[in-house]
Structures are given as structure tokens and as C-alpha cells.
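Survey of secondary and tertiary structure
Residue-level listing of the chains:
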Amino acid sequence: MEHRYSRRKRIKTEAIILRGDNIFARGRCIDIGLEGMKIHVTQFLHAKHTVEKNSLLELEFHLPLSRNPVPFREPVFVVYSSAEEIGLMFTQYNSELHLTLRKNLYGTPFPHENEPNILPLDRKYTAMICQALLTN
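A short tour of the structure in this document, coming up.

Parameters and conventions
- Residues numbered from 1 in each chain as written.
- Predicted model: local features only at pLDDT ≥ 70, side-chain atom pairs only at ≥ 80, totals over all residues.
- Heavy atoms only, no water.
- Helix = DSSP H or I, 4+ residues; strand = E, 2+ residues; numbered from the N terminus.
- Buried < 20%, exposed > 50% of the residue type's maximum accessible area, 1.4 Å probe, protein only.
- Contact = heavy atoms within 4.5 Å.
- Areas by Shrake-Rupley, 256 points an atom, 1.4 Å probe, with all protein chains shown as cover.
- Phe/Tyr/Trp six-rings, centres within 6.5 Å; stacked < 30°, edge-to-face > 60°.
- Pairing = 2+ DSSP bridges.
- Axes fitted to C-alpha atoms, helices over the stretch in contact; angles between N-to-C directions.
- Core = buried A, V, L, I, M, F, W, Y, C linked by side-chain atoms within 4.5 Å.
- Salt bridge = Lys/Arg side-chain N within 4 Å of Asp/Glu carboxyl O.

1. Thoughts on the overall build of the protein chain
- Tallying secondary structure elements over the protein chain gives 2 helices and 6 strands in all.
- From first element to last, N terminus to C terminus, the protein chain shows the α and β order β-β-β-β-β-β-α-α.
- When burial is assessed residue by residue, the protein chain has 37% of its 136 residues classed as buried.
- Considering only contacts within the protein chain whose residues lie at least 6 apart along the sequence, 52% involve residues at least 24 apart.
- Carbon and sulfur atoms make up 55% of the accessible area of the protein chain, which totals about 8100 Å².

See below:
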């Protein structure tokens, strides 16, 4: 059984799945959360129309409410794969992506203590950001 720690949201955005610097597949985001996203594959650019579970890839995509016109390009881990869909988990992401995801999912870039389904990671990120602001 799959267990998610954050809310998922249907955000329609195009995505490019890369293996190294080569495009592996193109698709459309089905839903997204703080942990990762599910992609509906529209085109495989590889003879094999699936990717192995537990593979490490990169994902390039835009998000609504992003202040940066450059697409995000983040490392991802394949949770599941079929000929039509790929489930991807972010292995790490920068603070800009984290804040943009929060704005898209919760309407605010800052965590709420009483909000359900918040990753424990949020408090750690908030503490790091506050510490960086205080030291600069």
C-alpha cells in the first residue's frame, strides 16, 4: 500500500524525463505532491516503452506560481512504471522547488503547524531558511 505524507494536486504541466542528458520520455503530469509526481507518458523516445523500478532519472518541468521562467530539473527515483504512467519520487530538491510546491499545494510557501499531512521535512527547511536569514 502506498503511503503519502502530503496532499496531492492535479496540476497540468508538461514534463520531460531524462536519462543523463538524453530525453527518455515526454509526458504530462497527472498529479503532484511534495514527495513526487505521477506522469502520463505521451511519448517514449526509446525502443523499450517502460523504465525499470528503482531507476534514477531526471525530471524537467514547469510549475504554476513559479517566479523562475527556467524549468525545474530535479533528480527522481522511479517508484513504479508502466507503458502509460510513471510514478516518480523526488530524491532531493532545492528550496525554490519546495516553496513553489507548497504554494501550489497549500496556497502558501510556509508550513502551518496545525495543517494535516505536512512533511516533517518542512520544519527542518523552515529552520534552515530562518537560520540563513538571521546569519546574513
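2. Details of the packing of aromatic side chains
- One pass over the structure, following the stated rule, counts 3 aromatic pairs.
- Between phenylalanine 24 and phenylalanine 44 the ring centres are 5.7 Å apart and the planes differ by 90°, which places this aromatic pair in the edge-to-face class. You can see phenylalanine 24 sitting in strand 2 (residues 22–32) and its partner phenylalanine 44 sitting in strand 3 (residues 36–44), a full 20 residues away along the chain.
- Members of the aromatic cluster, connected to one another through ring pairs, are Phe61, Phe72 and Phe90.

3. As for the environment of valine 78
- Examined against the element boundaries, valine 78 turns out to sit in strand 5 (residues 72–81).
- Distance from valine 78 to lysine 38, taken between C-alpha atoms, is 10.0 Å for residues 40 residues apart in sequence.
- Those residues in contact with valine 78 that lie beyond four places of it in its chain are Val51, Glu52, Lys53, Asn54, Ser55, Leu57, Ile86, Gly87 and Leu88.

4. A closer look at the sheet that holds strand 2
- With antiparallel pairing, 6 strands are arranged side by side around a closed barrel as 1-2-3-6-5-4. Pairwise comparison of adjacent strand axes, ignoring direction, gives a mean angle of 45° for this sheet.
- Bridge count between strand 5 and strand 6 (residues 85–90): 5 bridges; the pairing is antiparallel. Across the sheet, residue valine 78 finds its bridge partner in strand 6, namely leucine 88.
- On the sheet, helix 1 (residues 95–106) packs against strand 2, strand 4 (56–61), strand 5 and strand 6 and is oriented at approximately 65° with respect to strand 5.

5. Here we look at the nonpolar core
- By size, the foremost hydrophobic cluster in this structure holds 28 residues, and its most contacted members are Ile17, Leu59, Phe61 and Phe90.
- Where this core is concerned, the elements lending two or more residues are strand 1 (14–19), strand 2, strand 3, strand 4, strand 5, strand 6 and helix 1.
- When near neighbours in sequence (up to four residues on either side) are disregarded, leucine 59 contacts Ala15, Ile16, Ile17, Met37, Ile39, Phe72, Arg73, Glu74, Val76, Leu88 and Phe90.

6. Describing the pattern of salt bridges
- Evaluation of the coordinates by the stated rule reveals 4 salt bridges.
- Salt-bridge contacts for glutamate 52 lead to arginine 19; the nearest nitrogen and oxygen are separated by 3.7 Å. On the criterion of sequence distance, the pair formed by glutamate 52 in the loop between strand 3 and strand 4 and arginine 19 in strand 1 is long-range, its members being 33 residues apart.
- Accessibility expressed as a relative area gives 34% for arginine 19, which makes it partly exposed.

7. Structural notes on the environment of aspartate 31
- By secondary structure assignment, the location of aspartate 31 is in strand 2.
- Through-space distance from the C-alpha of aspartate 31 to that of arginine 8 is 6.2 Å; in sequence the pair is 23 residues apart.

Keep in mind these numbers describe shape, not what the thing actually does.
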